[in-house]
Structure formats: structure tokens, C-alpha cells
Amino acid sequence: YEATTLGTVPEGLVLLSGGLSTSDDILGHASDELWRALESKIDNDACVVGCEFATSVGPAPDHLAASGILPDTAYCIATMASLESTGRLVKLRALHGTPEWKGKWHDNDPAWSNRLRSSLNFSKNANDGCFWMTFDDWARHFNRVFVCRSVDSQWTKHTARSKWAGRTAGGCPNFVSWRFNPQWLVRVSAPTSVSVAVTLPHDLSAAKGADGLTNYGVGFYIVRGNAPPDQNRRILELDASRVVAQPQPELTRRFMSEVQLEPSAEPYVIMPYAFFPGQESPFTLSLRYNSGGGNQGAGGTAVV
């Protein structure tokens, strides 16, 4: 619990729940696709969904201070509703006593009719940290959304402990030395959604700033491996056409992203990296997937 005082919201959710936590930048787009994605996560009892305006993504706009929304503050997305009379609405919840939204559909907005209050189970309390806002306003006042999904016994986890040290601290593919980074082979025999996490140790104090964020930009590449008979050999050249996933690296102690892998005669190669060559650190690579069946690819993944 003490470790949650520094770092990012997704890191804290993982520490508290042991689940799978991911985050994405919104960048002001209130799209139908985003609405459907959030709705599906909120309807899933295994998921916790939240948002924040993260100043690490961009400076706080002038309208944020007047709106009542605090930057770098976690808000839970409690529920969503789409009504003919109101359009798409989002209910947010922050800690008790946190300043609340002052725009359209704030607690004292006269647009709240008795019928609407009843249908949305509206409670007028200036200090409970709960409020409603339009989906468009939500997308304008928040720039990052995060999802934490709980895991159970149907999830399979593979873990490898390694380190970037000396020659193997090769940096990202912007540098030719990337090829010396540790690499792992993954074989997939069924369509599989895999959660990949690269975690640095808690005691990496020399590489952390005052805000607890590591100075290491951490990420990973997944590429299609070599064809037989060289399928077990390292990747030494990075062909863009063979790159399967290259999520944007982040300044974080735990970097996590979900990747959909399709069956392939060739193995996949996973290469975690710290952004610059010479950035040394132990790290843990973890892969999780749902082995309970369905579209997660039961029994279809093996780290070799």
C-alpha cells in the first residue's frame, strides 16, 4: 500500500488488486467507438474504469480550473447513460470532499427534473465527489482513461526475470544496439489476447524523479520471428513489415499493454527495452492470458 503514494494510477490499481491495468490517451475525441469501448468495460463486473487529466500528457487548459476538475486526480467512471432527453451522460466519482464539476448537469443544474433524477438515481450532495456531465464535456476535460481488470484462476501467467546490463542494455530500436536486448520467443496456436507487462523494481530510486516516475522510458516490441530452420534464433534486423506491436513507451515503473496474437507457424519475438542504451536495471517480463476458453485462445500460448 505504501508503494501507491508515488507513480501512476494504473500502477496503484495493480498494486492494490493484482489485476491487469492499462491506460490510453483520449486527446479530446468523444467518438462513438470510445463510448462503446467504455460502455463494454463498465458493464463488465471484473473491470474498474477511471480517468484523469494527466499533465504528463499535456498542460492543463485554461478552462480546466474553472470547471472544477482537478488535474492529476483520479476519477472513477461509475456509470454511463444515453437518454433521448439528455444525450450521452457520464457519472464520475472522486474522493469525498473533492471539488465537483461546475458545467452542464452539475448538482444544482435546473435541468434536473424529478423524473430524470429518479431514472438516473441522482443524489444531490455537494461533498460526495459524485457528479454527471455530458460525454462531450468529459472528453474535453480528461485526457487519459485507465482500466483495471481483475483476474482469476482461469488466467495463465508466465514470468521471466532478467536485466538490462552492459551490452544487453541496448536501448530502443532507434539505436543499432537494440539487438543485444534480451529477447523471448512466444508460440501461439489459437487467437490469443495477451497482456504484456514490463516491471522495474521498487527500489530503483536512483532512476526516479520526485514524482515517483522513473526516468526510464520503458516499452516493448513484438515482431514475427525467423522462419525455419532459424525459428529459435535471435532477431538481429528489424523489418517494419514484421512488427506486430510497438506500444508507445512510457516513463513508468510498470509498463503494460494488451496485444492480440494470431496463430502463426513462426514464433513471435518479444523484446522489452529501456529507451536509451546504457540504462541498466533488473526487470520482470510477465505475460497473462485467459486460459478458460472463449476468444482468449485457451491453451494457445507458450513462452519458450
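Residues numbered from 1 in each chain as written. Predicted model: local features only at pLDDT ≥ 70, side-chain atom pairs only at ≥ 80, totals over all residues. Heavy atoms only, no water.

**Student:** Quick question: what am I supposed to make of the sheet that holds strand E13 (residues 254–261) here?
**Tutor:** Taking strand neighbours across the sheet as the criterion, the four strands line up as E7-E15-E9-E13 in an open arrangement whose pairing is antiparallel. With one partner strand each, in any of the chains shown, strand E7 (155–164) and E13 form the two edges of the open sheet. Taking the axes of each pair of neighbouring strands and ignoring which way they run, one obtains an average angle of 20° across the sheet. Bridging between strand E9 (residues 192–199) and strand E15 (residues 281–290) involves five bridges; their strand directions are antiparallel. Considered in E15, the bridge of Val196 is made with Leu287. (Pairing = 2+ DSSP bridges. Helix = DSSP H or I, 4+ residues; strand = E, 2+ residues; numbered from the N terminus. Axes fitted to C-alpha atoms, helices over the stretch in contact; angles between N-to-C directions.)

**Student:** Explain the environment of Cys172 here, please?
**Tutor:** Its location among the elements puts Cys172 in the loop between E7 and strand E8 (184–188). According to the relative accessible area criterion, Cys172 is buried, its value standing at 2%. With residues near it in sequence (within four places) discarded, Cys172 still touches Trp178, Tyr273, Ala274 and Phe275. (Buried < 20%, exposed > 50% of the residue type's maximum accessible area, 1.4 Å probe, protein only. Contact = heavy atoms within 4.5 Å.)

**Student:** Even after reading the chapter, I still don't get helix H1 (residues 9–17), so can you show me in this structure?
**Tutor:** Residue pairs three or four apart in sequence face the same way in an α-helix, which turns once every 3.6 residues. Among the residues of H1, those classed as buried are Pro10, Glu11, Gly12 and Val14. Here the buried face of H1 lies against strand E1 (20–25), strand E6 (144–149) and E13. Note on H1: the residue one or two positions beyond its end, Gly18, has a positive phi of about 75°.

**Student:** Is there a simple way to think about the packing of aromatic side chains in this case?
**Tutor:** For any pair of aromatic rings, the description rests on two quantities: the centre-to-centre distance and the angle between the ring planes. Within the structure shown, the criterion is met by 14 aromatic pairs. Between the aromatic rings of Tyr221 and Tyr273, the centroid separation amounts to 6.1 Å while the plane-to-plane angle is 55°, which identifies the pairing as tilted. Here Tyr221, found in strand E10 (residues 217–224), pairs with Tyr273, found in strand E14 (residues 268–274); they are 52 residues apart in sequence, far enough to count as distant. Judged by relative accessible area, which is 14%, Tyr221 ranks as buried. (Phe/Tyr/Trp six-rings, centres within 6.5 Å; stacked < 30°, edge-to-face > 60°.)

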